[in-house]
Amino acid sequence: MVLNLDENEIAECDFCEHATVKVLSLNKNKLASGAGLRDLPCLEELSIQENETLTSLKGMDNMNALKKLNLTGSKLESLSDFPSFPNLEELVLDGNSIAAIAELPKLGHLTKLKKFSMAGTPLAEEKGDDLKKEILIALMDQLKSLKEVNGEGWDDELAKDA
């Protein structure tokens, strides 16, 4: 089941009654946190793009089937409360407010992550062309399945340099 609730000015939600949803889109709403996005055992794709008040993912629990999470254009500054998504393969944090490289190891529990993007963040602006190398340094030992950063793969030489 696909549920598209884009552009509805939703500020709070409770989706625990929608256990069969596989794809959920909440783009361009007014969510401030992940509270209410829990107990969705079938959810595979979640898009919460351009929720300009979204500063926390706290409360997003029991979504073990989640494979793709797009948080483009939200206001996350910290990854401290990043939920455990054991099957997450793709994470997009483009345009968020993440500024510190120290935030990246907080994603180390996402062991199945293959694609990761954080273009347009203050960290990306600061590191420029070195961002991919910095991400590899911060995450390579924990995230062995990571193959793509900001839409680009890497060769063995870059991995060795990291």
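A short tour of the structure in this document, coming up. Model, not experiment: these values are computed from the prediction.

### Focus on the sheet that holds strand E3 (residues 45-47)
Next up, step 1: Reading across from one edge, E1-E2-E3-E4-E5-E6-E7 is the order of the 7 strands in this open sheet, with parallel pairing throughout. Where the open sheet ends on each side, the last strands, each with one partner, are strand E1 (2-4) and strand E7 (148-149).
Next up, step 2: As paired elements, E3 and strand E4 (residues 68-70) share 3 bridges and run parallel to each other. Across the sheet, the residue bridging to Glu 45 is Lys 68, located in E4.

### So, the packing of aromatic side chains
Next up, step 1: According to the stated counting rule, one finds 1 aromatic pair in the structure shown.
Next up, step 2: Measuring from ring centre to ring centre gives 6.0 Å for Phe 82 and Phe 85, while their planes differ by 85°; the resulting arrangement is edge-to-face. Here the two residues Phe 82 and Phe 85 agree in accessibility, since each one is buried.

### Structural notes on the nonpolar core
Next up, step 1: Within the largest apolar cluster, 43 residues are counted, with the highest numbers of intra-cluster contacts made by Leu 24, Leu 46, Leu 71, Phe 82, Leu 91 and Phe 116.
Next up, step 2: When near neighbours in sequence (up to four residues on either side) are disregarded, Phe 82 contacts Leu 57, Leu 69, Leu 71, Leu 88, Leu 91, Leu 107, His 109 and Leu 110.

Analysis parameters
Residues numbered from 1 in each chain as written. Predicted model: local features only at pLDDT ≥ 70, side-chain atom pairs only at ≥ 80, totals over all residues. Heavy atoms only, no water. Pairing = 2+ DSSP bridges. Helix = DSSP H or I, 4+ residues; strand = E, 2+ residues; numbered from the N terminus. Phe/Tyr/Trp six-rings, centres within 6.5 Å; stacked < 30°, edge-to-face > 60°. Buried < 20%, exposed > 50% of the residue type's maximum accessible area, 1.4 Å probe, protein only. Core = buried A, V, L, I, M, F, W, Y, C linked by side-chain atoms within 4.5 Å. Contact = heavy atoms within 4.5 Å.

So yeah, pure geometry; function would need other evidence.
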